[in-house]
Each structure stands twice: as C-alpha cells, then as structure tokens.
Amino acid sequence: MSIKPKLGPFDLTMIVVGLVIGMGIFRTPISVARETGTPSLFFMVWVLGGLVTLCGALTYAEIGSRYPVAGGFYKVLSYGFHPAYSFMINWTLLISNAASIAAVCIVGAEYIGPVLLPETLSNESGRKAIAIGAVLVLYLINLSGIRMSASWQNVLTVFKITLVLLLCLAAFSNNVAPPQANVSAATSNSWAYIFGAALVPVFFTYGGYQQTINFGSDVREPARNMPRAIMFGIAIILLLYITVNYAYVKVIGFEQLKTTDALAARMAGAFFGEYGFKITSVLLFLSVLGYANVNLMSNPRMYYAMAEDGVLPGIFKRVNSKTQVQEVALTVFAALVIGLLYFLSNFDNIIRYVMLFDSIGLASAAATIFVLRKKTAHLDGRGIYKMKLYPFVPAFFILVYLFVTVNIFIKDPGQALGGMIWFVAGLPIYFFMKYVVRKKE
C-alpha cells in the first residue's frame, strides 16, 4: 500500500523541533565550554553553528520541495549520486540514529529514575528498564497510526519547548553566578582545532532536521509546507538555543559550566528552588520521549525507500492502509534501539560516532541540490521553494561539515577509522542485498 498525506504544516514544524531538541542542549554546552575555554569563543561557536544550520535548513527546504518522497534522505542521495552510495550512508545512519535514541533514553532515565524508582532500584538495571519501557510504549503508540504519533509528538514537543523556556527564564532571575576566584587560562590550541572540536557537539545539538525530508509523502502540499515547516522550526530552535546558553553562563558561571553535572536540574533549582529537580526531571523525560517518538516515526521511512529500490525485501515497505504504519520496519527499528541499550559507552564517544556519519551524510545530501537544480529545472516557477544566494549557501554548509569530519579524524583517528570500516562495509552489503532480493522475486 502507498503512503497517504496526513500531516499538516504545524505537525511538521513540531516534528522539526522534535528531531533537533533531544538531550543535547542539556549536556553538550559542558563539552563546548571545555573545548572553547572562553565565554566569547563559546558564544561565537553557538552562533556560527546556528548560521551553518540555517544554511542547511534552507538547502534541505529546497531539496524537500523539489523531491518530496517517502524516505527522502535515502532517495535524494540515490537520485543525486548512486543507490550504492546512498545505502552506504543510510545503513550506518540507521545504526547511529538508533544509538542516539538509546543514549538519550538512558540520560532521560537517569533524571526520572530517582522520581519513579525506590532507592534499591536506582541503579543501571533500573535505568535501563525505564528506557526500554519508554521505547516499548512509544512503539505501541506508533503502531496505532501516523496521525496518533503526530498528535503525541505535538504534545511532547510543546513540553520540550516549555522546558527550554523555563531554563531561559532563569537568566532573568536574581540568581547570578558568583565571580570566579580561579579562572583557567585560555587554551593554547589553534582556532581551527578549537572551532573544529567545539562544532562537533554543537552540530550534534543542532542536527536532526534533515530527517524531515523523510516525510515527503506524509505531508499535505509538501512543496509549500515542507520548506515553511523546516525554516519556522529552525527559527524556534536558534532562538531557544542562544537564549538558554546565555542563561547557563549567567546563572552557573562559565568556569563552573565546564565541570557541572545535571545541568538542567541545577538551572531549574536556581529558579524553582527545592522543587526544581523534580519539575526538570519530569520535563526532561518528556523531552526524551518526544525525541525518541519522532525518530521512531522518521527512520522506518528510510526502510521504505530502501525496499522501493530493491535493497531490502518488499515487506519493509508494506504500509497498513488504515494506520499508514510500516509495521515490520517499525518493529525492526524499535528492536535495534532496545538492543543498543545494552551496548552504550561514553556519551561524548557516542556524539563523535554519530557526528562522523551525520557530517558525511548531511554534506552529501546537501550536495544533491546542485544535481536537483538541473534535473528538476522544469519545476521552477511552479510553486516550489528556491533559496536565495545559491550556490553560496549550500557550498558554505558543505565546507563547514567537511571541516568537522576532518577534525573528528584528527581528534580520534581510531574511532573514526572504525566508523569508516562500517561505512565501507555497506558497499558489499548493498550488492549482496540486491542479489538476495532479486533472487526471491
């Protein structure tokens, strides 16, 4: 069965915000502060990251408008370059996306655990039980239909925005960080190293909006609504991120920010007092649910695109005519997330692993705009979105992301090479899967 459009512009805007705001903004500012060393560089990196993200949003808005299909992130790479290259990127992205959800769910469980669990169960096993339970509940919600998933996503995203706004409000309270007696000296590393290292967690925090193009077949009037939703969603995120980082530095202090833990809880404690931790724990967990839910909505659409290309068996593109859910694809992806919950490592290592594939994937997919402009020139003037300052906007976005990719190799060559082995392994897997699927047909 084919996918029918059931999502409106508000649904898609909430999906954009839900895809981007996970747990990153409540953890990565600590890493960014350590890498930059000074408040001025700290804010400069967040502003630069926002500018690059805006360029990416404009690029992906046009891609989504010109090529609105299910599993758009896979399809556009296949259309612009080659199905084999698209498979190599997307099969690793599906693993890294599942790892991101698993990592975020564990962090959310760390916050909500003390509120929900007795002291005897407040351990790793208890937290993993909460995380697995959350994924299973969201899996059941997603099984009930794309419309139901989107409705829950709207509610969870509103909670998520509320949490960030509450943290922003702390900047306007009377709580100000005391002056620092011992301020550490600025790092002696080159600006290229500092910006490259700091942009890894920044882009992890800003990333996710590119998956919006996976909903090309789910959105009503995609040529008009998709670019609007992407740009409006990114505008909300940029405003929230810059404001909340200002609040962090003002209330906690830049030097303390480098070493603090439970960042969001400390901020809420400054504003709400003794009730801050519980309020933040609940809102953070709802934020986690929103991030996990929208990824459970998005990633099965990539399976759909792969099955359409004959890389996966046809059962992966089977859509329930009533619910518009790919039941097999959703089940496989949810099982992958639950499986990865048992194999998580350090949060910062997960960020580098995810960003290695994200940076390659985002730069590659953005580069397809140069191909799409030529292949879909007949659509110009027919209501599709065309970005201004082309080709400078996509070129700037691609160059910065390639710079981050190089920096990941410099900072952790062992892990980067390990990741590239997974990436290259996708090529023989692609041809093997094509052979298997063709033989079954």
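Quick caveat: nothing in here was measured; it's all calculated off a predicted structure. (Residues numbered from 1 in each chain as written. Predicted model: local features only at pLDDT ≥ 70, side-chain atom pairs only at ≥ 80, totals over all residues. Heavy atoms only, no water.)

## With respect to the packing of aromatic side chains
Then comes step 1: Taken as a whole, this structure holds 19 aromatic pairs when the rule is applied.
Then comes step 2: A centroid spacing of 4.7 Å and a plane angle of 20° characterise the contact between Tyr-67 and Tyr-79, whose relative ring orientation is stacked. In this pair, Tyr-67 sits in the loop between helix H3 (39–66) and helix H4 (72–80) while Tyr-79 sits in helix H4, placing the two residues 12 residues apart along the sequence.
Then comes step 3: Chaining the aromatic ring pairs together yields one cluster made of Phe-42, Phe-43, Trp-46, Tyr-206, Tyr-241 and Phe-254.
Then comes step 4: One residue, Arg-373, lies across the ring of Tyr-390, its end atom 3.8 Å from the ring centre.
Then comes step 5: Lying across the ring of Tyr-79, Lys-375 places its NZ or CZ 4.6 Å from the centre. (Phe/Tyr/Trp six-rings, centres within 6.5 Å; stacked < 30°, edge-to-face > 60°. Helix = DSSP H or I, 4+ residues; strand = E, 2+ residues; numbered from the N terminus. Lys NZ or Arg CZ within 6 Å of the ring centre and 35° of its normal.)

## Examining the side chain of Thr-59
Then comes step 1: Summarising the element assignment, Thr-59 is placed in helix H3.
Then comes step 2: If sequence neighbours within four positions are ignored, Thr-59 has contacts with Ala-366, Ile-369, Met-387, Val-393 and Pro-394. (Contact = heavy atoms within 4.5 Å.)

## Section: a nonpolar patch on the surface
Then comes step 1: Residues Val-115, Leu-116, Phe-277 and Val-282 make up a contiguous nonpolar surface patch of roughly 320 Å² in combined accessible area.
Then comes step 2: Contributing elements (two or more residues each) for the nonpolar patch: helix H5 (83–116) and helix H12 (276–308).
Then comes step 3: Residue position: Leu-116 is located in helix H5. (Patch = residues over 30% accessible without salt bridge, like charges linked within 9 Å, V, L, I, M, F, W, Y side chains within 5 Å. Areas by Shrake-Rupley, 256 points an atom, 1.4 Å probe, with all protein chains shown as cover. Salt bridge = Lys/Arg side-chain N within 4 Å of Asp/Glu carboxyl O.)

## Side note on the nonpolar core
Then comes step 1: Formed by 153 residues in total, the largest nonpolar core has its most connected members in Phe-26, Tyr-60, Phe-73, Phe-203, Ile-237 and Phe-397.
Then comes step 2: With 19 residues, the top contributor of residues to this core is H5.
Then comes step 3: Leave out the neighbours within four places in its chain, and Phe-203 touches Gly-49, Val-52, Met-355, Val-400, Tyr-401 and Val-404. (Core = buried A, V, L, I, M, F, W, Y, C linked by side-chain atoms within 4.5 Å. Buried < 20%, exposed > 50% of the residue type's maximum accessible area, 1.4 Å probe, protein only.)

## A word on the packing of helix H1 (residues 9–20) against helix H7 (residues 146–169)
In a packed pair of helices, the relevant descriptors are the angle between the two axes and the axis-to-axis distance.
Then comes step 1: In the contact formed by H1 and H7, the axes pass within 9 Å of each other and the chain directions differ by 55°. When the axes of H1 and H7 are compared, the pair comes out oblique. Here H1 runs over H7; the crossing is left-handed. Contacts between H1 and H7 pair Phe-10, Asp-11, Met-14, Ile-15, Val-17 and Gly-18 from the former with Arg-147, Ala-150, Gln-153, Asn-154, Thr-157, Lys-160 and Ile-161 from the latter.
Then comes step 2: Residues that form the contact of H1 with H7 fall into these classes: 6 nonpolar, 4 polar and 3 charged. (Axes fitted to C-alpha atoms, helices over the stretch in contact; angles between N-to-C directions. Parallel < 35°, antiparallel > 145°, perpendicular 65-115°, else oblique. Left-handed = near helix turned anticlockwise from the far one by under 90°. Nonpolar A, V, L, I, M, F, W, Y, C, P; charged D, E, K, R; others polar.)

## Quick look at H5
Along an α-helix, residues three or four positions apart point the same way, because every turn accommodates 3.6 residues.
Then comes step 1: The first and last C-alpha atoms of H5 sit 46 Å apart over 34 residues, in line with the 50 Å expected at 1.5 Å per residue.
Then comes step 2: At Glu-110, H5 shows its largest bend, some 35°, and a proline, Pro-114, comes one to four positions later.
Then comes step 3: Among the 34 residues in H5, 28 count as buried, and that is most of the element. (Expected span 1.5 Å × (residues − 1). Bend = angle between axes of the 7 residues up to and from the residue.)

## Regarding H1
Then comes step 1: Taking 1.5 Å per residue, 12 residues should reach 16 Å; H1 reaches 17 Å between its end C-alpha atoms and fits that length.
Then comes step 2: Of all 12 residues that make up H1, 10 are buried, and the element is covered over most of its length.
Then comes step 3: If you check which residues of H1 are buried, you get Asp-11, Leu-12, Thr-13, Met-14, Ile-15, Val-16, Val-17, Gly-18, Leu-19 and Val-20.
Then comes step 4: Where H1 is buried, its residues touch H7, helix H8 (191–206), helix H9 (222–252) and H12.

## A look at the pattern of salt bridges
Then comes step 1: Counted according to the given criterion, the structure contains 10 salt bridges.
Then comes step 2: One salt bridge in this structure joins Glu-308 and Lys-75, with 3.2 Å as the shortest N-O distance. You can see Glu-308 sitting in helix H12 and its partner Lys-75 sitting in helix H4, a full 233 residues away along the chain.
Then comes step 3: Between Asp-218 and Arg-301 there is a salt bridge; the shortest N-O distance is 2.8 Å. A residue pair is termed long-range when its members are at least 10 positions apart, and Asp-218 in the loop between H8 and H9 and Arg-301 in helix H12 qualify at 83 residues. Arg-301 shares its class with Asp-218; the two are buried.
Then comes step 4: Overlapping salt bridges, with partners in common, bring together Glu-62, Arg-66, Arg-373, Asp-380 and Lys-386 in one network.

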